[in-house]
Number of protein chains: 2
Amino acid sequence: MTTADALSRLDTPALILDEARMLRNVARLRAHLDRLGVTLRPHLKTVKSVDAARRILKDGTGPATVSTLREAEVFAEAGVRDITYAVGIAPAKLDRVLAIRATGCDLAVVLDNADQARAVAEASRRSGDRIPAYIEIDSDGHRSGLAPADADLAPIGRLLVEGGAELRGVLTHAGESYGAVGAEALAAFAELERQGVVTAAETLRAAGLPCPVVSVGSTPTAHFARDLTGVTEVRAGVFTLFDLVMAGIGVCTTDDIALSVLTTVIGHQRERGWIITDAGWMAMSRDRGTANQAVDQGYGVVCDVDGRVMEDLIVRGANQEHGIIAVRAGSGATLPDLPVGTLLRILPHHACATAAQFPGYEVIPADGGPLAHWPRFGGW
Amino acid sequence: MTTADALSRLDTPALILDEARMLRNVARLRAHLDRLGVTLRPHLKTVKSVDAARRILKDGTGPATVSTLREAEVFAEAGVRDITYAVGIAPAKLDRVLAIRATGCDLAVVLDNADQARAVAEASRRSGDRIPAYIEIDSDGHRSGLAPADADLAPIGRLLVEGGAELRGVLTHAGESYGAVGAEALAAFAELERQGVVTAAETLRAAGLPCPVVSVGSTPTAHFARDLTGVTEVRAGVFTLFDLVMAGIGVCTTDDIALSVLTTVIGHQRERGWIITDAGWMAMSRDRGTANQAVDQGYGVVCDVDGRVMEDLIVRGANQEHGIIAVRAGSGATLPDLPVGTLLRILPHHACATAAQFPGYEVIPADGGPLAHWPRFGGW
């Protein structure tokens, strides 16, 4: 049975994962980081699937990054033993952290202020379990974290160490790199990220504090870093599946995008040049990450059922369960004749957001076998 | 225990539903439509919860509207016997439609072209079950449907009737009304919607075809319709919970919004005037429905834990699991002191989109009892 035949038996919309592309994407980044001499700590927030994680992690035990404690719980249960929960810890969540750690998983937390450090230290003393914590560094002004030479850095480190917790290191995420385009700009962002976190590590060490791990990470900077001296590990997540935002800034091509949404044509508005499908924003997500890029891809790029991009055909609009496909404005391309019942595949803007709309992946296996189903989970 | 105390025991982010507000919203629209002499057929795509549906439907058996066959299956299983699946039917889905109908649920489909009509007729003949179908009418140019006096209307009706299916009526959704503001503009939209679908019904009847049901629906037009002569039923969904988009066009106030996301303050960037929380776009959704309204509410309006709106405080940005709260640009309001650990509640842009990010509702019951949990479902 061909892949198209196999896909034609699925209910639509469905979330399609091309395993061969995913494995290729992972191998590409791993080879790059091996050359740079740093560890890859994949961020599993993109896939949220035990089956996918087993293929992405170096072995089944980690290292891994997560964005929710629910992810930590599921992956720890599946045997991952080394996890960084990379969102600033809320003090009320420390009991869950301790419970996960009690199962034998080395779960580390992240923080950037004294209130959190005191809470982590207190929970460590109370439990007799020295919770490992990273201090988050703000390398590009986009979100959380202390400045690389912030005067609070060493005092927070001391609150942890002297309070009974473990200061494992410093961690940053150059989220603004998503707005940079091309190899030179992205390499510059990677260097900015490296400098920020290495400066912070030196600040801690100069104060007599330990800083064994120096962690950076974002998919764009991970791929374009040229030198990671002083860095010990790289976190990245969306690189596993890639998406149109990453293609738009030059980190990948559309041929690397491992995720697509299978949809069925359900009608037409011929005088308007529209093809109506059953994949609206509930399937694609409301993410419009290319809206501010050089090429706005609407709600996604349209491919045929075999995954070949159709010239200048995009999802121009979306209601909850309706997609509206049209030729890109300004294009000379002709609207193809796609009768009711035609299957199409839509490349998403943002793999994390689109995948989260579905309960699981329908997987085109790398070995050419029949479609597989990999469940996903959500929640917190 | 106070509501705030009860909420403080939840893990964040959590989806909070104020049952009293939901019941008040439902009673308000039901009373309005009773005065206009039409039936309310609530759209359950917003709540996707059996517990919520039991409180929204007139009785447990319907009538109801859904946007996916998964919704139809779950609600039919829960005893709803009268359901309209209001997204154009894909021929490959007709076996699932027949299976649901075989359980005793009167599930109707929607279509707007001859290919669909032939498929519905063929499935009816094959199964011996006359599938009821609505012809979708395009009353405002926003999506699917035939024009109200389209020459294809009667031929498609005949394909159904002569082919062995049931022509149940005509159906429209004035989705463009979401862009209108204020009572006059919304009343005009409601009249446009009414005229479109009544014209279509008359076109069918003039051709000797039946058209027992004349169905309109959108939350804005449902509330502002002044006369629904010729219409038999109204569909609406978001009215049950309401949201900032509906408040922005004057259909409700923020005091009517029954849905909020409970979140915890996890940090600050004081020199930037930012408060960082654990409710990012994975919790709020990527919906930015107020972006083009007179007042852009960012990723949501901030309330204290008791649900009181905090002056000019909005979620100005969101990463996957981080929300960034700040005072609205141009406001003279002072950023309140909200220490790490503070609980807040965020009003969403779009109830359908935000609710879909969560596996269930934490319900503040109308009777003042302890919090309840109502599971939600997703998928197709």
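Since this is a predicted model, take the numbers as computed values, not measurements.

### Some details on the interface of chain B and chain A
Taken together, the contact pairs 53 residues of chain B with 53 residues of chain A. When chain B packs against chain A, the two sides together hide about 4300 Å² of surface, and 55% of this comes from carbon and sulfur. Scanning the region where chain B abuts chain A turns up 8 salt bridges. Here B:Asp138 ties to A:Arg272 by a salt bridge, and the two come within 2.4 Å at their closest N and O atoms. Where chain B packs against chain A, one counts 29 residue pairs in polar contact (both at pLDDT 80 or more). Put simply, the parts of the chain that give the side of chain B that touches chain A at least two residues each are β4 (82-88), α6 (114-127), β10 (259-269), β11 (274-277), α11 (281-284) and α12 (351-355) of chain B. Residue contributions to the side of chain B that touches chain A peak at 4 residues, all from β10(B). Looking at the side of chain B that touches chain A residue by residue, the class counts come to 20 nonpolar, 19 polar and 14 charged.

### A few points about the sheet that holds strand β6 (residues 132-137) of chain B
All names here are of chain B. Taken together, the 8 strands give an open sheet; going across it, the order is β2-β9-β8-β7-β6-β5-β4-β3, and neighbouring strands pair in parallel fashion. Of all strands in the sheet, those bounded by a partner on one side alone are β2 (39-42) and β3 (64-66). This sheet shows a mean twist of 30 degrees between the axes of neighbouring strands, independent of strand direction. Pairing geometry for strand β7 (residues 166-172) and strand β8 (residues 213-216), over 3 bridges, is parallel. Bridge assignment links Leu171 to a residue of β8, and that residue is Ser215.

### Focus on the packing of aromatic side chains
For the structure on display, the rule yields 4 aromatic pairs over all chains. Ring geometry for A:Trp380 and B:Phe358: centres 4.7 Å apart, planes at 35 degrees, overall tilted. Of this pair, A:Trp380 sits in the segment after β17 (372-375) while B:Phe358 sits in the loop between α12 and β16 (360-364), on two different chains. Residue class for B:Phe358 comes out buried when judged on its relative accessible area of 6%. Geometry around A:Tyr299 places A:Arg288 over its ring, the cationic atom sitting 5.6 Å from the centre.

### Thoughts on the nonpolar core
In terms of nonpolar packing, the biggest core is built from 243 residues, with A:Ile135 and B:Ile135 touching the most fellow members. Setting aside residues up to four positions removed in sequence, A:Ile135 forms contacts with A:Leu111, A:Leu146, A:Leu153, A:Ile156, A:Gly157, A:Leu160, A:Leu167, A:Gly169, A:Val170, A:Leu171 and A:Leu204.

### Considering the relation of the copies chain B and chain A
Once turned by 180 degrees and shifted 0.0 Å along the axis, chain B lies on chain A with an RMSD of 0.0 Å. Here the transformation between the copies is reduced to the relation of a two-fold axis. By C-alpha distance to the rotation axis, the residue of chain B lying nearest is B:Arg286, at 2.5 Å. A share of 100% of interface residues in chain B that are also interface residues in chain A marks the association as one of identical surfaces.

### Focus: α6(B)
Taking 1.5 Å of rise per residue, 14 residues should cover 20 Å, and α6(B) covers 20 Å from first to last C-alpha, within 8% of that figure. For α6(B), every residue scored as buried is listed here: B:Gln116, B:Ala117, B:Ala119, B:Val120, B:Ala121, B:Ala123 and B:Ser124. Of the surrounding secondary structure, the elements contacted by the buried residues of α6(B) are β10 (259-269) of chain A together with β4, α5 (94-101), β5 (106-111), β6 and α7 (153-163) of chain B. The N-cap of α6(B), judged by a side-chain oxygen 3.2 Å from the amide nitrogen of B:Asp115 a few residues on, is B:Asn113. Trailing α6(B) by a residue or two, B:Gly128 shows a phi angle of about 75 degrees, which is positive.

### Re the sheet that holds strand β9 (residues 233-236) of chain A
Residues and elements named next belong to chain A. The parallel open sheet is built from 8 strands, whose spatial order is β2-β9-β8-β7-β6-β5-β4-β3. Both edges of this open sheet fall to β2 (39-42) and β3 (64-66), since each of them pairs with a single strand only. Averaged over neighbouring strand pairs, the angle between their axes works out to 30 degrees when direction is ignored. The sheet contact formed by strand β6 (residues 132-137) and strand β7 (residues 166-172) spans 6 bridges and is parallel. Its bridge partner being in β7, Ile137 is matched across the sheet by Thr172. The sheet contacts of helix α7 (residues 153-163) involve β5 (106-111), β6 and β7, and relative to β6 the element is tilted by about 170 degrees.

### Examining helix α8 (residues 183-206) of chain B
Residue and element names in this part refer to chain B. Taking 1.5 Å of rise per residue, the 24 residues of α8 would be expected to cover 34 Å, and the 34 Å separating its terminal C-alpha atoms lies within 8% of that figure. For α8, every residue scored as buried is listed here: Leu186, Ala187, Phe189, Ala190, Glu193, Arg194, Gly196, Val197, Val198, Ala200, Ala201 and Leu204. Residues of α8 that are buried make contact with β6, α7, β7, β8 and α9 (219-224). Two residues or fewer after α8 comes Gly208, characterised by a positive phi angle close to 85 degrees.

### A short note on the packing of helix α4 (residues 69-77) of chain B against α5(B)
Residue and element names in this part refer to chain B. In the contact formed by α4 and α5, the axes pass within 10 Å of each other and the chain directions differ by 10 degrees. With respect to α5, the element α4 is oriented roughly parallel. Together, Leu69, Arg70, Ala72, Glu73 and Ala76 of α4 and Arg96, Val97 and Ile100 of α5 make up the contact between the two elements. When grouped by side-chain class, the residues that make up the contact of α4 with α5 number 5 nonpolar, no polar and 3 charged.

### Side note on the state of the cysteines
Residues and elements named next belong to chain A. Tallied over the entire structure, the rule returns 0 disulfides over all chains. Cysteine Cys252 shares no disulfide, and the gap to the nearest cysteine sulfur, in Cys303, comes to 13 Å. When its relative accessible area of 7% is taken as the criterion, Cys252 is described as buried.

### Structural notes on the environment of B:Leu111
Residues and elements named next belong to chain B. Counting through the fold element by element, Leu111 comes out in strand β5. Of the residues examined, Leu111 reaches a relative accessible area of 0% and is grouped as buried. For Leu111 and Val87, which are 24 residues apart along the polypeptide, the C-alpha to C-alpha distance reads 7.8 Å. Beyond its immediate sequence surroundings of up to four residues, Leu111 is in contact with Ile89, Gln116, Ala117, Val120, Ala133, Tyr134, Ile135, Glu136, Ile156 and Leu160.

### A look at the confidence of the model for chain A
Across chain A, the average pLDDT comes to 96, with 100% of residues at or above 70. The ipTM for the predicted assembly is 0.97, set against a pTM of 0.97.

### Some thoughts on the pattern of salt bridges
On inspection of all chains with the given rule, the structure shows 48 salt bridges over all chains. Put simply, B:Asp129 and B:Arg101 hold a salt bridge, and the shortest N to O gap is 2.9 Å. With B:Asp129 in the loop between α6 and β6 and B:Arg101 in helix α5, the pair connects residues that are 28 residues apart, well separated along the chain. Residue B:Asp129 shares its accessibility class with B:Arg101, and that shared class is buried. A salt bridge links B:Glu166 to B:Arg168; the shortest N-O distance between them is 3.0 Å. On the basis of relative accessible area, B:Arg168 is assigned to the buried category, the value being 13%. If you follow the salt bridges from partner to partner, you end up with A:Arg101, A:Asp106, A:Asp129, A:Glu166 and A:Arg168 in one network.

Scoring rules and cut-offs
- Residue positions are given per chain, counting from 1 as you read along its sequence in written order.
- Numbering of ligands from 1 and lettering of chains from A proceed in the order in which they are written.
- For this predicted model, a pLDDT threshold of at least 70 governs which residues receive local features, and a threshold of 80 or more governs which side-chain atom pairs are given and counted, while totals over whole chains, interfaces and linings are taken from all residues.
- Processing note: side-chain calculations cover all non-hydrogen atoms of the structure and skip hydrogens and water entirely.
- Residue contacts are counted whenever heavy atoms from the two residues lie within 4.5 Å of one another.
- By buried area we mean how much accessible surface two parts lose on assembly, using a 1.4 Å probe and totalling the loss over both.
- Only one rule defines a salt bridge in this text: a Lys or Arg side-chain nitrogen within 4 Å of an Asp or Glu carboxyl oxygen.
- Two N or O atoms count as a polar contact when they lie within 3.5 Å, although within protein this holds only if one can serve as hydrogen donor and the other as acceptor, and sequence-adjacent residues are included solely when both atoms are side-chain atoms.
- Strands here are runs of E lasting at least two residues and helices are runs of H or I lasting at least four, both read from the DSSP assignment and numbered beginning at the N terminus.
- Charged means Asp, Glu, Lys or Arg here, nonpolar means Ala, Val, Leu, Ile, Met, Phe, Trp, Tyr, Cys or Pro, and polar covers whatever is left, Gly included.
- Here, any two strands with at least 2 DSSP bridges between them count as paired.
- Between N-to-C directions, angles span 0 to 180 degrees; the directions come from axes that are lines fitted to C-alpha atoms, helices contributing only their stretch in contact.
- Only Phe, Tyr and Trp rings are paired, with Trp represented by its six-membered ring, and only when their centres lie within 6.5 Å; those with planes under 30 degrees apart are stacked, over 60 edge-to-face, the remainder tilted.
- Burial classes follow relative accessibility: with a 1.4 Å probe on protein chains only, a residue under 20% of its type's maximum area counts as buried, one over 50% as exposed, and anything between as partly exposed.
- Ring-over charges, as used throughout, are those where CZ of Arg or NZ of Lys falls within 6 Å of the ring centre and within 35 degrees of the ring normal.
- Side-chain atoms within 4.5 Å link the members of a nonpolar core, which is a set of buried Ala, Val, Leu, Ile, Met, Phe, Trp, Tyr and Cys residues.
- Least squares is the method for superposing the copies, and the C-alpha atoms it fits come from residues with pLDDT of at least 70 in both.
- Residue count minus one, scaled by 1.5 Å, sets the expected span of a helix.
- These descriptions rest on fixed angle ranges, namely under 35 degrees for roughly parallel, over 145 for roughly antiparallel, 65 to 115 for roughly perpendicular, and the rest for oblique.
- Disulfide: a pair of cysteine sulfur atoms within 2.5 Å of each other.
- The predictor attaches a confidence to each residue, called pLDDT, with possible values from 0 through 100.

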